[in-house]
Amino acid sequence: MATVEELAGQESVQRWYNYYSQHWGAPPDWDFKLQALARFSQWIGKTPDQMIGECLREVEGGYKKIRVKKRRFYIAKIKEFEESIGGVQGRNWANAVRSFFIHNGVAMSADILR
Amino acid sequence: MEFKEVVGRRRSIRFFQPWRPVEKEKIQIILEAARLASRAVNVDFYKAIVLYRDQLSKEDLDSLKTPTTNVQLDTAPVCIVWFADLSAVPRMVQAGAPTLKELVNVGALPPTHGWSHAYVDNVIVPQVLKPIADNPAVLAVTTAAEAAQAVCTALYAAVDEGLGTLLTALNAEAVKRITGHPDHLMLLFGQLVGYPAESWEAGGQRPREPFEQTSFEMRYGNPFPRDPKVVEKLKEAKMIQDPAPLPWRQEEIRYLAQMFGLPL
């Protein structure tokens, strides 16, 4: 769908980088994070901006509201994506995608590893 | 633990040791503490239902989650679900406030302060309790505020027992389905209880508004003077502790995220 370079120019990806960096410092594994997002983006057939646009809608006062069904949809899809890769690697790739959603204001988590 | 230290050590713990159960005795102590909390008209305004994570199906556990109540539910072995009992005041009205009369009988509400059975019958029931019972909004606020006193006491009891604890939101529909609670119970919080997987400091004491902005003397806006000597005394007693963020907090979260396989 989109290359890593194209991805980096997306507004939602820049927001991800900025919010992450504000709290955690510049991510040392940024290239990996972008690769993971690019792979997910390809897998699901949507750009990052499209995914976030689907999950959030503007409401009065300039606020954004989460679309519950879309959030659930992406939670399930990320899990599916994780399982398609499998193991710790799958978890790492999926967590990079989750991080992208989280720092765009779409709260999500993962089951703890057992 | 001394009371001041209990107050100082309380934090919202969000990472628990999932492998370590909580002794049933400690859960009972928490519930016993709630039962003895301050309350108006000596009535039970709360109900509590103890849920054990390991006795819930994965589907039920997941259904309790909200967008930001997730990992803590997966890791805490115990969740005490707290409710405000909206039938408490109406029952009091209907029964003629027997618990209040009991307080008169045992001398807790003495005539020196104007208390008598007649006062309860003629004033408190018809003029105080009935208007509350008849107004759903006032009833909800009053009952929740009273029940919250019990919940607050339960939190401190958990800390005193060396446990980590947290009040968190739960999915109300799932709570109803799992516990089968009656409609007159209004869900307040889930109190998660377990042994912390993060350090008990959990990053340090949380920031608060300046003392002078919340506490006044005689008139609103006239700050209660904060004596630095008292502050020092409270620091010695461990009620006032090192403020968040402690320098190692971010690293702690990184390690916890790695241990549990969570996103950052």
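The paragraphs below set out a description of the structure included in this document. (Residues numbered from 1 in each chain as written. Chains lettered and ligands numbered in written order. Predicted model: local features only at pLDDT ≥ 70, side-chain atom pairs only at ≥ 80, totals over all residues.)

Okay, the overall build of chain A next. Per the secondary structure count, chain A includes six helices and two strands. The secondary structure elements of chain A, listed N-terminal to C-terminal, are α-α-α-α-β-β-α-α. Expected size for 114 residues packed as a compact globule is a radius of gyration near 13 Å; at 14 Å, chain A falls within 12% of this value. Principal-axis analysis of the C-alpha atoms places the extent of chain A at approximately 45 × 30 × 30 Å. Across the 114 residues that make up chain A, the buried fraction comes to 30%. (Helix = DSSP H or I, 4+ residues; strand = E, 2+ residues; numbered from the N terminus. Rg over C-alpha atoms; globule rule 2.2 N^0.38 Å. Buried ≥ 20, exposed ≤ 12 C-beta atoms within 10 Å, placed from the backbone.)

So, about the environment of Ile112 of chain A. Here Ile112 of chain A lies in the segment after α6 (87–102). Ile112 of chain A sits 68 residues away from Ile44 of chain A along the chain, and the two C-alpha atoms are 24 Å apart. Apart from the residues within four sequence positions on either side, Ile112 of chain A is in contact with Pro18, Val71, Asp74, Thr75, Phe260 and Gly261 of chain B. (Contact = placed C-beta atoms within 7 Å.)

As a further point, take the interface of chain A and chain B. Of the residues lining the interface, 12 residues belong to chain A; the matching set on chain B comes to 13 residues. A total of five residues in the side of chain A that touches chain B trace back to one element, the largest contributor, which is α6 of chain A. Considering only residue class, the side of chain A that touches chain B consists of six nonpolar, three polar and three charged. (Nonpolar A, V, L, I, M, F, W, Y, C, P; charged D, E, K, R; others polar.)

On to the nonpolar core, then. The tendency in soluble globular proteins is for nonpolar side chains to be buried as a group. Counting residues in each nonpolar core, the largest one holds 75 residues, and the members touching the most others are Leu37 and Val97 of chain A together with Tyr46, Trp82, Val151, Ala154 and Val193 of chain B. With residues up to four places along the chain from it excluded, the contact list for Val97 of chain A reads Ala36, Leu37, Phe40, Ile78 and Phe81 of chain A. (Core = buried A, V, L, I, M, F, W, Y, C linked by C-beta atoms within 7 Å.)

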